[in-house]
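Secondary and tertiary structure notes
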Amino acid sequence: MNKINIRPYKAEDRAALRTLCCDVSDRGGPIENFFPDREVAADLLTKYYTDYEPESTFVALCGGRLVGYTNGCMDNRRYGLVMFWLLTPALVVKAFKRGVFFRPEVRRLLGGMLKNWRRIFVWRKSSFHSHQGHLHIGIAADFRGQQVGRNLLKTLLGHAAGSGITGLAASVHDANQSARTFFEAQGFTVRERYPMVLVRDGKEEHYHSLLYVKTI
Ligand SMILES: CC(C)(COP(=O)(O)OP(=O)(O)OC[C@H]1O[C@@H](n2cnc3c(N)ncnc32)[C@H](O)[C@@H]1OP(=O)(O)O)[C@@H](O)C(=O)NCCC(=O)NCCS
């Protein structure tokens, strides 16, 4: 088997990173499980990290294929401002142009997401509103369980240690048991639990978003 190489993100990884992120974003399954437009989803999930803070993203490659990533942010407040004032408005325009809002499943999804307003506007003090950091991580299905996630996270933690922050957080769906065990094994603990709603196949799914934090 080819060796797995972990290195900082480069602009040439952008397309593969966007694809992998969409492939794993539903607790390891594809985004299409609940959202139909990959281009819009990829902007929402990755654009801040690739275009505004690329130095905090690391990728794992095997034989030239991107098989894992961790997207990092070393300043949640900056992330919140960029998302709110720059990326979200552009994304709304793009989604309109692509007809995303005319799709009934998206309208139902957005209706459910509006119920999560507290996560953004009230609870953001401990996440979006602080100068702490956060991360997302995803490994291709055929490369899981081979220490790729552990090594990517170790690399990101090393980067975070020199960035001046004192904590790094990750939001995990409470039914995502493999991710929960993964973060707990790396020394993260649950600091907050947010009740959330997701609409899947027209039905509301109620769950808790767990905010795992590790002190740096
Ligand atoms: C969660 C995820 C990142 C773990 O990455 P990975 O490369 O498969 O994990 P590793 O091989 O590095 O495992 C490290 C430790 O995590 C835990 N772990 C990883 N996968 C696990 C699983 N399926 N079940 C239970 N524990 C698991 C174990 O403690 C493991 O240590 P061990 O090998 O000594 O038993 C990966 O499964 C993934 O991409 N999932 C889909 C996306 C996702 O859920 N991301 C997290 C939300 S941001």
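This text goes with the structure placed above it.
From a predicted model like this one, the values you see are computed outputs, not experimental measurements. (Residues numbered from 1 in each chain as written. Predicted model: local features only at pLDDT ≥ 70, side-chain atom pairs only at ≥ 80, totals over all residues.)

Brief notes about the packing of helix H1 (residues 14-24) against helix H2 (residues 38-52)
- Interaxial distance between H1 and H2 falls to 9 Å at its minimum, and their mutual angle equals 120 degrees. When the axes of H1 and H2 are compared, the crossing they make is right-handed. Between H1 and H2, the contacting residues are Arg 14, Leu 17, Arg 18, Cys 21 and Cys 22 on the first element and Arg 38, Ala 41, Ala 42, Leu 45, Thr 46 and Thr 50 on the second.
- For the contact of H1 with H2, the class distribution of residues is 6 nonpolar, 2 polar and 3 charged. (Axes fitted to C-alpha atoms, helices over the stretch in contact; angles between N-to-C directions. Helix = DSSP H or I, 4+ residues; strand = E, 2+ residues; numbered from the N terminus. Left-handed = near helix turned anticlockwise from the far one by under 90°. Contact = placed C-beta atoms within 7 Å. Nonpolar A, V, L, I, M, F, W, Y, C, P; charged D, E, K, R; others polar.)

Let's talk about the environment of Leu 45
- You can see Leu 45 is positioned in helix H2.
- Residues Leu 45 and Ser 25, 20 residues apart in the sequence, show an inter-C-alpha distance of 8.7 Å.
- Beyond its immediate sequence surroundings of up to four residues, Leu 45 is in contact with Cys 21 and Ser 25.

What about the site of the ligand?
- By nearness alone, 22 residues border the ligand, and Arg 144, Gly 149, Arg 150, Ser 178 and Thr 181 come closest of all.
- Broken down by secondary-structure element, the contributors of at least two residues to the shell around the ligand are strand S4 (133-139), helix H6 (148-161), strand S5 (167-173) and helix H7 (177-185).
- Of all the elements, H7 adds the most residues to the shell around the ligand, at 5 residues. (Near = placed C-beta within 6 Å.)

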